Amino acid sequence: MSKDIILTGDRPTGPLHIGHLVGALRRRVEMQNSGQYKTFVMIADAQALTDNADNPEKVRENVLQVALDNLAVGIDPAKANIFIQSQIPELTELTFYYMNLVTVARLQRNPTVKSEIADKKEKFGVSVPAGFLLYPISQAADITAFDATVVPVGEDQMPVIEQTREIVHKFNSVYGETLIVPKGILEENENARRLVGTDGNAKMGKSLGNVINLGDSADEIAAKVKTMFTDPLHLRVEDPGNTKDNPVFIYLSVFATPEHFAAFLPEYKNYAELAAHYERGGLGDVKVKKFLNEVLQVTLKPIRERREEFAKDPGAVMEILRQGTIAAREVAAATTDRVKRAMKLDYFG
Ligand code: TRP
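Definitions and cut-offs
- Position numbers for residues start from 1 in each chain and track the written sequence from start to end.
- In keeping with the model being predicted, local features are shown solely for residues with a pLDDT of at least 70 and side-chain atom pairs are shown and tallied solely at 80 or more, while totals for entire chains, interfaces and linings include all residues.
- With hydrogens and water stripped out, all remaining heavy atoms of the structure feed into the side-chain values.
- Each helix corresponds to a stretch of at least 4 residues labelled H or I by DSSP, and each strand to a stretch of at least 2 residues labelled E; elements are numbered beginning at the N terminus.
- In this scheme, a residue with accessible area under 20% of its type's maximum is buried, one over 50% is exposed, and one in between is partly exposed, where area comes from a 1.4 Å probe on protein chains only.
- Residue contacts follow a heavy-atom distance rule, with two residues in contact if any of their heavy atoms lie within 4.5 Å.
- In this scheme, a helix's expected span is set at 1.5 Å multiplied by one less than its residue total.
- Each residue is assigned a bend, namely the angle between axes fitted to the seven residues that terminate at it and the seven residues that start at it.
- Nearness here has a simple test: a residue counts as near a molecule or strand if at least one of its heavy atoms is within 4 Å of that partner.
- Polar contacts here mean pairs of N or O atoms no more than 3.5 Å apart (in protein, one a potential hydrogen donor and the other a potential acceptor; neighbouring residues in sequence count only if both atoms are side-chain atoms).
- Only the protein chains shown count as cover for residues, and the accessible areas themselves come from Shrake-Rupley with a 1.4 Å probe.
- Classification used: nonpolar for Ala, Val, Leu, Ile, Met, Phe, Trp, Tyr, Cys and Pro, charged for Asp, Glu, Lys and Arg, polar for all others including Gly.
- All domain edges in this entry derive from an automatic or database-based domain assignment.
- When two parts are brought into contact, each loses some accessible area as probed by a 1.4 Å sphere; the total of that loss over both is the buried area.
- A carboxyl oxygen of Asp or Glu within 4 Å of a side-chain nitrogen of Lys or Arg is what we treat as a salt bridge.
- Between N-to-C directions, angles cover 0 to 180 degrees, with each direction set by a line fitted to C-alpha atoms, over the stretch in contact for helices.
- Should an angle fall under 35 degrees it is called roughly parallel, over 145 degrees roughly antiparallel, and 65 to 115 degrees roughly perpendicular, with every other angle called oblique.
- For any helix crossing, the convention is left-handed if the near helix is rotated counterclockwise from the far helix by under a right angle, and right-handed if that rotation is clockwise.
- Side-chain atoms within 4.5 Å are what join buried Ala, Val, Leu, Ile, Met, Phe, Trp, Tyr and Cys residues into a set we call a nonpolar core.

(A) Structural detail: the side chain of N213. Structurally, N213 can be placed in the loop between α11 (190-193) and α12 (218-226). Of the residues examined, N213 reaches a relative accessible area of 17% and is grouped as buried. For N213, the residues in contact, after removing those within four places along its chain, are P15, L16, H17 and K224.

(B) Spatial organisation of the environment of D337. By secondary structure assignment, the location of D337 is in helix α17 (residues 314-342). Once the C-alpha coordinates of D337 and V104 are considered, the two residues, 233 residues apart in sequence, prove to be 27 Å apart.

(C) Main features of helix α16 (residues 285-311). For α16, with 27 residues, the first-to-last C-alpha span of 36 Å sits near the 39 Å given by 1.5 Å per residue. Taking the largest bend as the criterion, α16 deviates by roughly 35 degrees, centred on L300, and proline P302 comes between one and four positions later.

(D) Spatial organisation of the site of the ligand. Around the ligand sit 13 residues, and of these R11, Q47, Q139, D142 and Q157 come closest. Between the ligand and R11 there is a distance of 3.1 Å, counted from an oxygen atom to a side-chain nitrogen or oxygen. For the ligand, the accessible surface in isolation is 370 Å², of which the surrounding protein chains cover 89%. Of all elements in the fold, only β1 (4-10) and α9 (135-145) reach the threshold of two or more residues within the shell around the ligand. Class assignment for the residues of the shell around the ligand results in six nonpolar, five polar and two charged.

(E) Inspection of the domain arrangement of the protein at higher detail. Once the domains are mapped, the protein shows domain 1 (4-195 + 313-342) and domain 2 (215-308). Computed from C-alpha coordinates alone, the two centres of domain 1 and domain 2 are separated by 33 Å. Each partner contributes to the roughly 1100 Å² buried at the junction of domain 1 and domain 2, and carbon and sulfur atoms together form 62% of this total. Close ionic contact of R307 with D69 constitutes a salt bridge, the shortest N to O distance being 2.6 Å. Between domain 1 and domain 2 we count five residue pairs in polar contact (both at pLDDT 80 or more) in total. Every element with two or more residues in the side of domain 1 that touches domain 2 is listed here: α1 (18-34), α3 (56-73) and α11. With six residues, α3 is the single largest residue contributor to the side of domain 1 that touches domain 2. Residues that form the side of domain 1 that touches domain 2 fall into these classes: 10 nonpolar, four polar and two charged.

(F) Summary view of the pairing of strand β3 (residues 80-84). Among the five residues that make up β3, five are buried, leaving the element largely enclosed by the rest of the structure. The alternating pattern of β3 places A80, I82 and I84 and N81 and F83 on opposite faces, both of which are buried.

(G) A look at the packing of α9 against helix α10 (residues 158-175). Two numbers describe how α9 lies on α10: the axes approach to 9 Å, and their chain directions differ by 70 degrees. Relative to α10, α9 is oriented roughly perpendicular. Note on packing geometry: the crossing formed by α9 with α10 is right-handed. Where α9 abuts α10, its residues Y135, P136, I137, Q139, A140, I143 and T144 lie against V160, I161, Q163, T164, I167 and V168. Across the contact of α9 with α10, the residue classes tally to nine nonpolar, four polar and no charged.

(H) Just the nonpolar core, in detail. If you look at the biggest cluster of nonpolar residues, it comprises 53 residues, and the most contacted ones within it are I18, L195, L214, Y251, L252, F255 and L274. Leaving out residues up to four positions away in the same chain, L214 has contacts with L16, H17, I18, L21, L25, D69, V73, L300, I303 and R304. Grouped together as the second largest cluster of nonpolar side chains are 39 residues, F40, V160, L179 and A328 included.

(I) Summary view of the packing of helix α13 (residues 247-255) against helix α15 (residues 271-280). The contact between α13 and α15 brings their axes to 10 Å, and the two run at 165 degrees. With respect to their mutual orientation, α13 and α15 come out roughly antiparallel. Where α13 crosses over α15, the two elements pack in a sense that is left-handed. Together, F249, L252 and S253 of α13 and Y271, L274, A275 and Y278 of α15 make up the contact between the two elements. In terms of residue class, the contact of α13 with α15 is built from six nonpolar, one polar and no charged.

Here it is in structure tokens:
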């Protein structure tokens, strides 16, 4: 039996953060290490340009940053294939063919695209770039080019995967069975699926100033934890506290393991015990934050150290990407041949 194939991607618009770590990267690495999947990790620079057309330097610089982040969390070029989207022209070619299978109205109705357009009103001005509206089509090309069966994504991307599935069904019904229908999969832990910012904002982002990056120094992490929001009504230690909408507790529910409790806060066995005490009253924010800082420090230290190690030799990282891109292109080219044959675009044998 052939292995399942995973394709995932990140837009290189900034370094990756702990939201990416728990929402996508951890799962990606686990799946890679399980040996059950053939894993493709794409750096989606062409897609990043759909809303950063005027900022090619930013996209270019972040290709390396995103590669470092992936390597730092454990994507292993011996087991997975990491590559750069723009260097595979077949992906653009497939996009062009799939464009005929999707209506403009359907793209405008895509909930992900719709909400992103709303968020980017200022950036886009009176009208949206055609490339941005069409990015779900290009994403369908990314996914189908590798015959991906499984696409681990963040929650916000699910409607884009749904649109890929529609494109595949449409293609197969018009041109005959050619493409694989992929399945999107989400991280199970809901708090991890969409990790809130350090201020509790539902979105974590550089422009919001509420993000802890994978490459942050120990001091940066400590400073960010110190200024994290908690329950604003928990004024005195004796007061009962709310853990639900409290970013410090949300982070602990995602990051703190029983081993962390044993090492740093042995009065409690696990998250549930700690949360119960806070809710009862009698547990202060300072103590909880101190613990969260310890948890994040031990979690992020090995990642940061690996990142620094790889960052010493950017040439070697680019070589990993170059090799990955060559191998990925072969796969995408074979799929494109298959697609063109199905579409009767194979004139010269
Ligand atoms: N749109 C994805 C994001 O913003 C990135 C991406 C591009 C992607 N192509 C992909 C993800 C293919 C999964 C599969 O996060």
